[in-house]
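Chain residues, written in single-letter form:
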Amino acid sequence: MKKLLIANRGEIAVRIINSARSLGIATVAIASEPDAESLAAKLADELVIVGPAQAAASYLNQEAVIKAALDTGADAIHPGYGFLSENAEFARAVVAAGLIWVGPDANAIELMGNKSQARESAKNAGVPVLPGTEGPLAEGDDAIALAQEIGYPLVVKASAGGGGRGIRFVESESELLATIEMAQGEAGAIFGDSAVYMERFVQDARHVEVQILGDGTTFLHLGDRDCSMQRRSQKVIEEAPAPSLPDAVREKIRSSSVELARACGYSGAGTIEFLYDPVREEAAFIEMNTRLQVEHPITEAITGVDLVREQLLIASTGKTTLTQEDISFSGHAIEARISAEDPFNNFFPSPGTITKMDWATGPGIRVDSGFAAGSVVAPYYDSMLAKLIVHAPTRDEAIEAMNAALDATVIEGIKTTIPMHRALLARPEFAQVTHHSRFIESTPDILETA
Amino acid sequence: MADIISPLPGIFYRSPGPGKAPFVNVGDVVTVGQAVGIVEIMKQFTEVQSDVAGTIASFGVEDNAMVNPGDVLITVTEG
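Every chain's residues receive numbers from 1 upward, in the order its sequence appears when written. Both sets of labels track the order of writing: A upward for chains, 1 upward for ligands. The predicted nature of this model means local features are confined to residues of pLDDT at least 70 and side-chain atom pairs, given and counted, to a pLDDT of 80 or more, with totals for whole chains, interfaces and linings taken over all residues. For the side-chain quantities, the full set of heavy atoms in the structure was used; hydrogens and water were omitted.

(A) Structural context of the overall build of chain A. Only DSSP runs of H or I with at least four residues qualify as helices, and only runs of E with at least two residues qualify as strands; both kinds are numbered from the N terminus onward. Summing up its helical and strand segments, chain A has 14 helices and 22 strands in all. For 450 residues, the compact-globule estimate of 2.2 N^0.38 gives 22 Å, and chain A sits close to it at 23 Å. Once the C-alpha set of chain A is aligned to its principal axes, its extents read approximately 65 × 55 × 45 Å. Throughout, exposure labels follow a simple rule: accessible area from a 1.4 Å probe, protein chains only, divided by the maximum for the residue type, with under 20% read as buried, over 50% as exposed, and the rest as partly exposed. Across the 450 residues in chain A, those meeting the buried criterion constitute 54%. Between the two quantities, the radius of gyration covers C-alpha atoms and the globule rule is 2.2 Å times the number of residues to the power 0.38.

(B) Quick look at helix α6 (residues 115-124) of chain A. Residue and element names in this part refer to chain A. Here α6 has its buried residues at A118, S121 and A122. Along the axis of α6, the buried residues cluster in a sector spanning 100 degrees; they form a single face. Residues S116 and N124 are exposed on α6 and point more than 90 degrees away from its buried face. Considering only its buried residues, α6 is in contact with α5 (106-113), α9 (247-263) and β13 (282-289). Whenever two N or O atoms come within 3.5 Å, that pair is a polar contact, provided that in protein one can donate a hydrogen and the other can accept it, and provided that, for residues adjacent in sequence, both atoms are side-chain atoms. The backbone nitrogen of Q117 lies 2.9 Å from a side-chain oxygen of the residue at the head of α6, namely N114. Following α6 by one or two positions, G126 adopts a phi angle in the positive range, close to 90 degrees. Read the arc as the range of directions from the helix axis to the C-beta atoms. By the convention used here, residues are in contact when the closest approach between their heavy atoms is within 4.5 Å.

(C) Geometry of the side chain of R291(A). All names here are of chain A. Within the fold, R291 resides in the loop between β13 and α10 (296-303). Accessibility expressed as a relative area gives 16% for R291, which makes it buried. A polar side-chain atom of R291 sits 2.9 Å from a polar atom in the side chain of E86. If we ignore the near neighbours within four places in the chain, the residues touching R291 are G80, Y81, G82, S85, E86, Y266, A269 and G270.

(D) Fine view of the packing of aromatic side chains. All names here are of chain A. Think of it this way: a Phe, Tyr or Trp ring, Trp meaning its six-membered ring, pairs with another when their centres are within 6.5 Å, and the plane angle makes it stacked under 30 degrees, edge-to-face over 60, tilted otherwise. Per the stated rule, a full pass over the model turns up five aromatic pairs over all chains. Ring geometry for F90 and W101: centres 5.7 Å apart, planes at 80 degrees, overall edge-to-face. On the criterion of sequence distance, the pair formed by F90 in helix α4 (residues 88-96) and W101 in strand β5 (residues 100-101) is long-range, its members being 11 residues apart. Plain terms: the ring middles of F169 and F201 are 5.1 Å apart, the flat faces sit at 90 degrees to each other, and that makes the pair edge-to-face. Of the two residues, F169 sits in strand β7 (residues 165-170) while F201 sits in the loop between β8 (196-200) and β9 (206-215), which places them 32 residues apart along the sequence. For F169, a relative accessible area of 38% gives the class partly exposed. A residue is classified by how much of its surface remains accessible, and F201, at 25% relative accessible area, is partly exposed. The structure contains a cluster of three or more aromatic residues connected by ring pairs, namely Y59, F83, Y380 and Y381. A ring is scored as having a charge over it whenever the NZ atom of a lysine or the CZ atom of an arginine sits within 6 Å of its centre and within 35 degrees of its normal. The ring centre of F329 lies 4.7 Å from the NZ or CZ of R254, which sits over that ring. Seen from the ring of F430, R395 lies directly overhead, with NZ or CZ sitting 4.6 Å from the centre.

This is the structure in structure tokens:
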């Protein structure tokens, strides 16, 4: 690999350029017209404008991206996260164009992109999955016995439902049969299909995940992360390792994630996401992300491994230089995703020109930013500006370090979510790890302490 | 004549999704509160509703165009 095209924008494009540079690989940035003056565009050795503002015509324009690589003589494409990173068709097109795809095989992307196939593969590899009926309830099924196996509370879901519709909650056995009957009638009336199935309901679940690396022959994990602080299913604070996780659960999710990677002959970096039930002390498979994760820096902080460098090495040589024995963990890392939104106005997006951007500096502090003072935050793309990452010997010290780092950070010209991060870090629920993935929504007074 | 203006900056979409039929076309009758378009800003989608009843006379901007707060999206003949 001599020259890498980065098919992304913002902080992750900057991040990838830096690791490529450390390996002596030249870089090509792509940008939409309004991003022509962005940090990534200025930092890369070469720049290709691939289209107008709208992502569909620029960052998602497969033909234009591949043409940019061929025109500049790049021999590889790194997709970053989002955009084309989990597009199997694009991965195939990149390879068909004679370029190196920095990511797993298109078949692995496709397999994990299909919910039911992914669940089946995970289950076969020994990854714990959420207990539930295999397919819809059939005439003659002993629903009471099946429900006992799943455990209460559970949900009865319409097979044809979705988006939160057609779901009924069952607290105990006494309500079960009547609820199933009602759910079937309702599903038939609403969706024209009365099929329903049962699944475990996890109250106040945490989100944990395992970072894996593979080269098709060697597979290893780089520990776990907790990303339970979410707003509308978007992670806002992540930490590594996952706190308050029983040793047996941690061991189970780590080892089974490696087995899942092995089962699909995985090559590159990937993440297996789990729902963790703190009451039952059980984790269950959600999905596998076949790409670099936004929150990868907290894993880098506690392992000392540069994940992007590993991705580039695996893609260019076909081999990882790491084995499980090389991985050790040190301290605790926390990441805050800082977005251009106004937390005091229902998180309304806040595009505009950044007039001042001064970050905290010091030992254990890392900032991955796609913007600087003078940068324009355009209204077309995701609102995330930067990631502030701290690393300290213990979780308590990491929380303290993050508080100090947020206090020392000054961003002006636009509104940011920094006040929300301050408020979240001050919550006793976060300190005691009793928060869960719907904590922010279920705590409407969250900003009163900001 | 009354104007439906954009309440925020972003991208104006005339239909609820790619390949979907437009919310309204010129000549359509609209009621107060009816959805007439979407403005997207940073992946957040805000539905634009008509604040008048009448007939769509014209569009002030193209589909997929960048709009600023106060830009006229649609002009409606009242009544």
